[in-house]
Amino acid sequence: SPDGREVAFTLGTRLVRAPVTGGTPTTVCESGNARGTWLERNTVVYTDRHRLVECSMSGQSTTLLAGDSAETFTHAHSLPGDRAVLFGIQRGAVTELAAFDLRTSRQKVLGIKGSNPRYVATGHLVYVDLDRRVRAVPFDLSSLAASGESIGIDEEIGVEFGAAIMALSRTGTIVAPSTSSTERALELVDRSGRAERLLPRVGEFSDPRFSPDGRRVVLTVGSDIWLFDRLQGALTRLSFDSSATR
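Rules of the game
- Residues numbered from 1 in each chain as written.
- Predicted model: local features only at pLDDT ≥ 70, side-chain atom pairs only at ≥ 80, totals over all residues.
- Heavy atoms only, no water.
- 1 Å grid on protein atoms, 1.4 Å probe; cavity = no way out; pocket = protein on both sides within 12 Å on 5 of 7 lines; lining within 4 Å.
- Points joined across faces, edges and corners; volume = space filled by probe spheres on them.
- Helix = DSSP H or I, 4+ residues; strand = E, 2+ residues; numbered from the N terminus.
- Nonpolar A, V, L, I, M, F, W, Y, C, P; charged D, E, K, R; others polar.
- Core = buried A, V, L, I, M, F, W, Y, C linked by side-chain atoms within 4.5 Å.
- Buried < 20%, exposed > 50% of the residue type's maximum accessible area, 1.4 Å probe, protein only.
- Contact = heavy atoms within 4.5 Å.
- Disulfide = S-S within 2.5 Å.
- Phe/Tyr/Trp six-rings, centres within 6.5 Å; stacked < 30°, edge-to-face > 60°.

Undergrad: Please explain the layout of surface pockets as it appears in this structure.
TA: Left-over empty space is what a probe sized like a water molecule reveals as it rolls over the atoms. The computed volume of the largest pocket comes to approximately 930 Å³. Where the lining of the largest pocket is concerned, the elements lending two or more residues are strand 1 (6–11), strand 4 (36–38), strand 8 (72–78), strand 12 (115–120), strand 18 (163–164) and strand 19 (167–168). Taken together, the residues of the lining of the largest pocket break down into 20 nonpolar, nine polar and five charged.

Undergrad: Sorry, what's going on with the environment of Leu 199 here?
TA: Note that Leu 199 resides in the loop between strand 22 (195–197) and strand 23 (205–210). Separated by 147 residues in the primary sequence, Leu 199 and Leu 52 place their C-alpha atoms 49 Å from one another.

Undergrad: Explanation requested: the nonpolar core in the structure shown.
TA: Considering soluble globular proteins, one finds that nonpolar side chains tend to be buried as a cluster. Within the largest apolar cluster, 13 residues are counted, with the highest numbers of intra-cluster contacts made by Leu 79, Leu 86, Leu 110, Ile 112, Leu 125 and Phe 139. For this core, the elements supplying multiple residues, two or more each, are strand 9 (84–91), strand 10 (94–101), strand 11 (106–113), strand 13 (124–128) and strand 14 (133–140). Sequence-distant contacts of Ile 112, defined by excluding residues within four places in its chain, comprise Thr 95, Glu 96, Leu 97, Leu 125, Tyr 127, Val 137 and Ala 146. Within the second largest apolar cluster, 12 residues are counted, among which are Leu 39, Leu 65, Ala 76 and Val 85.

Undergrad: Can you help me understand the state of the cysteines in this one?
TA: Should the sulfur atoms of two cysteines be covalently bonded, the bond is a disulfide. Under the criterion given, the structure shown has one disulfide. Across the disulfide, Cys 29 is cross-linked to Cys 55 (sulfur-sulfur distance 1.5 Å). With Cys 29 in strand 3 (residues 26–29) and Cys 55 in strand 6 (residues 51–56), this pair connects stretches of sequence that are 26 residues apart. In terms of burial, Cys 29 and Cys 55 fall into one category: buried.

Undergrad: Just to check I follow, could you spell out the environment of Thr 21 for this structure?
TA: Locating Thr 21 in the fold gives a position in the loop between strand 2 (14–19) and strand 3. Under the relative-accessibility criterion, Thr 21 is labelled exposed at 77%. Taking the C-alpha atoms as reference points, Thr 21 and Gly 214, separated by 193 residues in sequence, lie 32 Å from one another.

Undergrad: Honestly, the packing of aromatic side chains in this entry has me stumped. Any pointers?
TA: The relative placement of two aromatic rings is captured by the distance of their centres and the angle of their planes. Under the defined criterion, the tally for this structure stands at two aromatic pairs. With a centroid separation of 6.4 Å and an interplanar angle of 65 degrees, the aromatic rings of Tyr 119 and Phe 139 are classed as edge-to-face. Of the two residues, Tyr 119 is situated in strand 12 and Phe 139 in strand 14; the sequence distance between them amounts to 20 residues. Of the two residues examined, Tyr 119 and Phe 139, each falls in the buried class.

Here it is as structure tokens:
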């Protein structure tokens, strides 16, 4: 939510809200989508395939914009002061950014090929281009137009189901997992944040699980399962199938 006290998310087919301090979620809409944005006027705007929908906290839904059957709307994001909502228009394999002016109820295509648009306080529109790289371009709120050249600000990031695996603060700080390499370290991290490297080398490590007594760790290395003995420091291959993971 704009004040940071609540979070909206999908629960089954419902869009719900809940306090960040804990509590029972309450239903906002019976039909929702996680790719939404919470406006300052206390409504939620989300994309529903060929539609851009606004839902009040009382559950009343209004279609703001309807596209044709060849268009799919994605990733709504509100601009400061509820000036407009940024979103993506996907046609085939290409997604182009657009803005829906909440004051004039008109759509404006921005001429930028990419997805996952975000606006940050530096006056930039941040998005993911077709090569899955994070880029930023100066953006004017009054005219809803990009100006100048875009610049690359991060390496390739992960994308799942069309959504960039990243979080972006209003001041422009990005948090994203690295996808530049499959090489990972196997570490044990306690609740205070202290990390202990279990293996000196890195590798294609994933999905570690402790044995019941905590002495050993079973993990995926590439496409096989291995056992790591914490006391002996030995890594032993367990599976010899064509592919075994998790």
